[in-house]
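Here is how the chains run, residue by residue.
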Amino acid sequence: LAAITLPDTLEKLGAGAFDACRALKAIELPELITTIPADLCSGCRALESVTLPSGVKVIEDGAFALCDILKSITIPASVISIGEMAFGYGKWNVPVEGFTVKGYRNSPAYDYAIENEFDFVSLGYITSGICGEDVSWEYNEETKVLSFSGTGAMEDFSKDAPARFSLIPYESVEIAETITRIGAYAFYGSLVTDFELSENITEI
């Protein structure tokens, strides 16, 4: 099997669907797919190019493992989880020399690259996201302001898995008066020295 054309309507692929297709050189996954299953293209020795959907959220263990020729991969901002040895490992699970991860600095792509000692090419920062049921955040790169909008409670975070905005070089914070709770570790490691909190905040 040297080439694959997948329909735009495809929403799910099974684990190991193209495992050990040794002649496969490239794969482009449809936009509706949100999970790249385990061992999807494991052992595809000739694989040179992978195009991930812009909305993919999870890349499971070994999705593109044992792919000796694959030298780089671009990770979309939507990815929230990357499994062990998902990519960057060739025969005998040896790291591919010069493997490069392209992604955003405040994302799992950066963490994966650092943990596995791969080269990392930054695509910038993710500048917005969700941090509660009805709370969202946004970062303005020009003003370096991190702002929170919406209503209700901000969710908790952990020290080991900080919110994505914790890795952004923001210099000031703006919190909407309709927000009632600040989550744990919300500003862990921040260099901001002055916070103004609304009287509507009932829990920190």
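Cut-offs applied
- Once a new chain begins, its residue numbering starts again from 1 and follows that chain's sequence as written.
- It should be noted that, the model being predicted, local features are given only for residues of pLDDT at least 70 and side-chain atom pairs only at 80 or more, the latter also being counted only at that level, while totals for whole chains, interfaces and linings use all residues.
- Calculation of side-chain values draws on the structure's entire complement of heavy atoms; hydrogens and water are dropped beforehand.
- A patch consists of residues exposed above 30% relative accessible area that lack any salt bridge, with like charges linked at up to 9 Å and nonpolar side chains (Val, Leu, Ile, Met, Phe, Trp, Tyr) linked at up to 5 Å.
- Calculation of accessible area relied on Shrake-Rupley with a 1.4 Å probe; when residues are assessed, cover is drawn exclusively from the protein chains displayed.
- In what follows, salt bridge is the name for a side-chain nitrogen of Lys or Arg lying within 4 Å of a carboxyl oxygen of Asp or Glu.
- Here a strand is any run of E in DSSP of at least two residues, a helix any run of H or I of at least four, and the numbering for each starts at the N terminus.
- The buried label applies to any residue whose accessible area, calculated with a 1.4 Å probe on protein chains only, is under 20% of its type's maximum; exposed applies above 50%, and partly exposed to all values in between.
- Disulfides are defined as cysteine sulfur pairs within 2.5 Å.
- The criterion for strand pairing is that DSSP finds at least two bridges linking the strands in question.
- For every element, the axis is a line fit to its C-alpha atoms; helices are fit only across the contacting stretch, and the angle between N-to-C directions ranges from 0 to 180 degrees.
- Note on ring pairs: Phe, Tyr and Trp rings are taken, using the six-membered ring of Trp, and paired if centres are within 6.5 Å. Classes follow the plane angle, with under 30 degrees stacked, over 60 edge-to-face and the rest tilted.
- Here, two residues are considered to be in contact whenever any of their heavy atoms come within 4.5 Å of each other.

**Comments concerning a nonpolar patch on the surface**
Item 1. A surface patch of nonpolar side chains, about 300 Å² in accessible area, is lined by F195, L197 and I204.
Item 2. With respect to the helices and strands, I204 occurs in the segment after β14 (179-181).
Item 3. The class of I204 is exposed, set by a relative accessible area of 74%.

**A closer look at the state of the cysteines**
Item 1. Enumeration according to the criterion identifies zero disulfides in this entry.
Item 2. Cysteine C41 shares no disulfide, and the gap to the nearest cysteine sulfur, in C44, comes to 4.4 Å.

**Details of the sheet that holds strand β7 (residues 100-103)**
Item 1. Reading across from one edge, β5-β7-β8 is the order of the three strands in this open sheet, with parallel pairing throughout. The sheet is open, and its two edges are formed by β5 (72-74) and β8 (119-122), each paired on a single side. When the angles between neighbouring strand axes are averaged without regard to direction, this sheet yields 15 degrees.
Item 2. Pairing of β5 with β7, which is carried by three bridges, proceeds in the parallel orientation. Bridged to T74 within β7 is K102.

**Some remarks on the packing of aromatic side chains**
The description of an aromatic ring pair uses the distance of the two centres, along with the angle that the planes make with each other.
Item 1. Applying the stated criterion to the full structure yields twelve aromatic pairs.
Item 2. Geometrically, the ring pair formed by Y89 and F118 is edge-to-face, given 5.6 Å between the ring centres and 65 degrees between the ring planes. Of this pair, Y89 sits in the loop between β6 (81-82) and β7 while F118 sits in the loop between α1 (108-115) and β8; the two residues are 29 residues apart in sequence, bridging distant segments of the chain. Judged on exposure class, the residue Y89 and its partner F118 are both buried.
Item 3. By the ring-pair criterion, three or more aromatic residues cluster together here, those being W137, F148, F157, F165, F187 and F195.

**Topic: the environment of E203**
Item 1. The residue E203 is located in the segment after β14 in this model.
Item 2. Using a relative accessible area of 42% as the deciding quantity, one classes E203 as partly exposed.
Item 3. What E203 contacts, discounting residues up to four positions off in sequence, is T180, R181 and I182.

**Some details on the pattern of salt bridges**
Item 1. Scanning the model with the defined rule gives three salt bridges in all.
Item 2. For the salt bridge of R45 with D68, the shortest nitrogen-to-oxygen distance reads 3.0 Å. Of this pair, R45 sits in the loop between β2 (35-36) and β3 (49-51) while D68 sits in the loop between β4 (58-59) and β5, placing them 23 residues apart in sequence.
Item 3. Here R181 makes a salt bridge to D156, at a shortest N to O gap of 2.9 Å. With a gap of 25 residues between them, R181 in strand β14 and D156 in the loop between β12 (152-153) and β13 (172-175) connect regions that are remote in the sequence.
Item 4. Assessed through its relative accessible area of 45%, D156 is described here as partly exposed.
Item 5. Each member of the salt-bridge network shares a partner with another, and the members are D156, R181 and E203.

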